[in-house]
Amino acid sequence: MSTSVRQVDYLVVGSGIAGLFFALKAAEHGRVAIVTKKRSADSNTNYAQGGIAAVTSREDTFELHVRDTLTAGAGLCREDVVRAIVQDGPARIAELIEFGTRFSEREIPAEPGRHELDLGREGGHSKRRILHAKDVTGREIERALLAAVQQRPNIEVFENHLAIDLITTSKLGWPGPTRCVGAYVLAVETGQVEVFAAGQVVLATGGCGKVYLYTTNPDIATGDGVAMAYRAGASVANMEFIQFHPTCLYHPRAKSFLISEAVRGEGALLRGLDGVEFMPRYDERRELAPRDIVARAIDSEMKRTGSDHVVLDLTNRPAPFIMQRFPNIYRTCLDFGIDITKEPIPVVPAAHYQCGGVVTNLDGETGLPGLSAIGEVACTGLHGANRLASNSLLEAVVGAHRTALRCRAEASFPVDRTIPPWQTGNAVNPDEMVVVSHMWDEIRRLMWDYVGIVRTDKRLQRALNRLINLQAEIQEYYWGYTVNGDLLELRNIATTAELIVRCAMQRKESRGLHYNLDHPEPDPVLAQQDTVLRREG
Ligand SMILES: Cc1cc2nc3c(=O)[nH]c(=O)nc-3n(C[C@H](O)[C@H](O)[C@H](O)COP(=O)(O)OP(=O)(O)OC[C@H]3O[C@@H](n4cnc5c(N)ncnc54)[C@H](O)[C@@H]3O)c2cc1C
């Protein structure tokens, strides 16, 4: 039974870069509640290592950044969106710095004592344009934005509050065109479901890496935003384009530790377990080829040799440089007994980034009035069939900024009727949580085995059949038992997994991150065609 109804102007779901950046801007014009399902800093943002891409040097141009993004996106980016986001980059970087983010700087070689931003290079970028804070960029951005949020009396952060479902006027039976007016939110520590009513609801829930067995994402990444938006009737697109990061640390005790793209950018080489370099056989850009090519090359080498990993060798760079440039990677690997200044790093690919998501325009508008989506959960058209490294943090700040401007300009929608409390009916406490954890494992493994880096029509069909059965079992649990975090996330990973499979089945070609052995070539007819799914009824 619900215990409280909270009424705010803006309800933000998620406290990563997108949610926090939006909240800081919206708070100038209204009251903001941020609900976040764990602690505030638990987000993909906090794990971003490499940095944020933006044109800030004289050697670089917007045109080059646009071109690199379009090339990576393999014929599916929306060029107007790419251009707008790239051009807005420098202004948003300046704001991140104003909010307190400290990016790494270097001494200008010809001008001792003077400093400039230290720009990194990553795969697919033709210029050095990655602003970073050593190799803990996301942590630094999250720290700065959270500190800024704490100083705004207009923003209240609700930790351990997990949004269950969006509330729409049509579900409530209210008259008029359908609109999102809030969300039901589980206060995890008390088990109570609270009502948050809001004129504007903003999804900033991040990605869905946990749908896969191996992922670089932290535990929060369970596709909740995509699943909630889909259930509420919003369109979801391009979910087949899941980026697998080529280099996740392979170690029995390492859960999901990423070896950043920047390591390859600084000269690290990929080798088989026999010590032989293999990237020259796959692509002339070698280690700096786009991620999908590198991930498929590693997958193919592992399948060819039967090995369960390959290695990434940075020992060609001086030890002091490695320790200074990659302190976090150096220390973490050392904790696992690997000295990266002296020996190669064992690596495997892992699910990393969701290029598709809730369909929005540049200003975060979904098709459902009152509901916006920003950051990784949104599908704006920037990434197309493959994300260019470090473009996601950029997309998040530009999207948050533009969405805040739009929401502020829109007439506020007063939620003046009472939203009914959450109904628990005859639900009882789940007696056997082992069923839930079993289904979690089953979905993650079947997605890894059947819907991973290389797909076939048969494997996709098999995955869909299994997911449909699992969904029925999960629904039974959902309606029969009182809700808890694990059950709600299970319901969301199942929905998100099914959306990925359905999108993948619709795309009868190979393009960008979606590679299907039964349709190994891109079909020119499908260029610029998104795979859009919307719930019937
Ligand atoms: C290891 C790693 C390294 C990366 N490196 C880079 C990089 O160098 N450069 C780059 O551009 N990108 C990088 N990325 C991607 C980038 O970090 C993310 O795309 C970006 O941080 C997403 O930001 P976001 O605000 O959209 O979501 P997130 O930062 O993931 O935040 C999502 C928030 O939503 C909350 N949430 C989710 N569901 C619910 C719910 N139901 N109820 C309440 N709260 C909820 C979460 O708890 C979290 O607070 C990396 C990602 C990973 C995992």
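(A) Expanded view of the packing of aromatic side chains. Following the criterion strictly, the structure yields eleven aromatic pairs and no others. Taken together, a centroid distance of 5.1 Å and an interplanar angle of 85° make the contact between F158 and F196 edge-to-face. Of this pair, F158 sits in strand β8 (residues 155–158) while F196 sits in strand β11 (residues 192–203), and the two are 38 residues apart along the sequence. Residue classification places F158 among the buried positions, given a relative accessible area of 8%. A connected cluster of aromatic rings, assembled from ring pairs, spans Y212, Y214, F244 and W448. Directly above the ring of Y515 sits R296, whose terminal nitrogen or CZ lies 4.6 Å from the centroid. Its guanidinium or amino end placed over the ring of Y450, R462 lies 5.9 Å from that ring's centre, counting from NZ or CZ.

(B) Structural detail: the site of the ligand. Around the ligand, the structure places 39 residues, and the nearest of them are T45, G51, D224, E376 and S392. The contact in question runs from an oxygen atom of the ligand to an N or O atom on the backbone of S15, over 3.0 Å. Backbone polar atom of A163 to a nitrogen atom of the ligand: 2.8 Å apart, as the coordinates give it. Contact with the protein chains hides 99% of the accessible area of the ligand, taken as 1,000 Å² for the molecule alone. Those elements giving two or more residues to the shell around the ligand turn out to be α1 (17–26), β9 (161–168), α6 (224–231), β16 (345–354) and α11 (391–409). Taken together, the residues that form the shell around the ligand break down as 14 nonpolar, 20 polar and five charged.

(C) Just the environment of F326, in detail. Relative to the helices and strands, F326 resides in the loop between α9 (319–325) and α10 (327–335). Classification of F326 as buried rests on a relative accessible area of 0%. When neighbours within four sequence positions are excluded, F326 is seen to be in contact with D135, A262, V263, E266, L314 and F321.

(D) Structural detail: the pattern of salt bridges. Overall, the coordinates contain 40 salt bridges when judged by the stated rule. Measuring nitrogen to oxygen at the nearest pair gives 3.7 Å for the salt bridge that ties D292 to R296. Of this pair, D292 and R296 both sit in helix α8 (residues 291–305), four residues apart, roughly one helical turn. The class of D292 is buried, set by a relative accessible area of 9%. With a closest N to O distance of 2.9 Å, R502 and E498 form a salt bridge. Here R502 pairs with E498, and both are found in helix α14 (residues 485–506), just four residues apart, close to one helical turn. For E498, a relative accessible area of 16% corresponds to the buried category. A single salt-bridge network, built from bridges that share partners, covers K25, D88, R92 and E95.

(E) Structural view of helix α4 (residues 137–150). Taking 1.5 Å of rise per residue, the 14 residues of α4 would be expected to cover 20 Å, and the 20 Å separating its terminal C-alpha atoms lies within 8% of that figure. Most of α4 sits inside the fold, with ten of its 14 residues counted as buried. Within α4 the residues assigned to the buried category are T137, G138, E140, I141, E142, A144, L145, L146, A148 and V149. In this fold, the buried residues of α4 make contact with α1, β2 (32–35), α3 (79–98), β7 (130–131), β8 and α11.

(F) Quick peek at the sheet that holds strand β13 (residues 242–249). The strand order across the open sheet built from four strands is β13-β16-β15-β14, with neighbouring strands paired in antiparallel fashion. Edge positions in the open sheet fall to β13 and β14 (269–271), since each of these has one partner strand only. On average, adjacent strands in this sheet sit at an angle of 45° to one another, irrespective of strand direction. Bridge count between strand β15 (residues 310–313) and β16: three bridges; the pairing is antiparallel. Across the sheet, L312 pairs through a bridge with I345, a residue of β16.

Conventions and cut-offs
- Residues numbered from 1 in each chain as written.
- Predicted model: local features only at pLDDT ≥ 70, side-chain atom pairs only at ≥ 80, totals over all residues.
- Heavy atoms only, no water.
- Phe/Tyr/Trp six-rings, centres within 6.5 Å; stacked < 30°, edge-to-face > 60°.
- Helix = DSSP H or I, 4+ residues; strand = E, 2+ residues; numbered from the N terminus.
- Buried < 20%, exposed > 50% of the residue type's maximum accessible area, 1.4 Å probe, protein only.
- Lys NZ or Arg CZ within 6 Å of the ring centre and 35° of its normal.
- Near = heavy atom within 4 Å.
- Polar contact = N/O pair within 3.5 Å; in protein donor to acceptor, adjacent residues only side chain to side chain.
- Areas by Shrake-Rupley, 256 points an atom, 1.4 Å probe, with all protein chains shown as cover.
- Nonpolar A, V, L, I, M, F, W, Y, C, P; charged D, E, K, R; others polar.
- Contact = heavy atoms within 4.5 Å.
- Salt bridge = Lys/Arg side-chain N within 4 Å of Asp/Glu carboxyl O.
- Expected span 1.5 Å × (residues − 1).
- Pairing = 2+ DSSP bridges.
- Axes fitted to C-alpha atoms, helices over the stretch in contact; angles between N-to-C directions.

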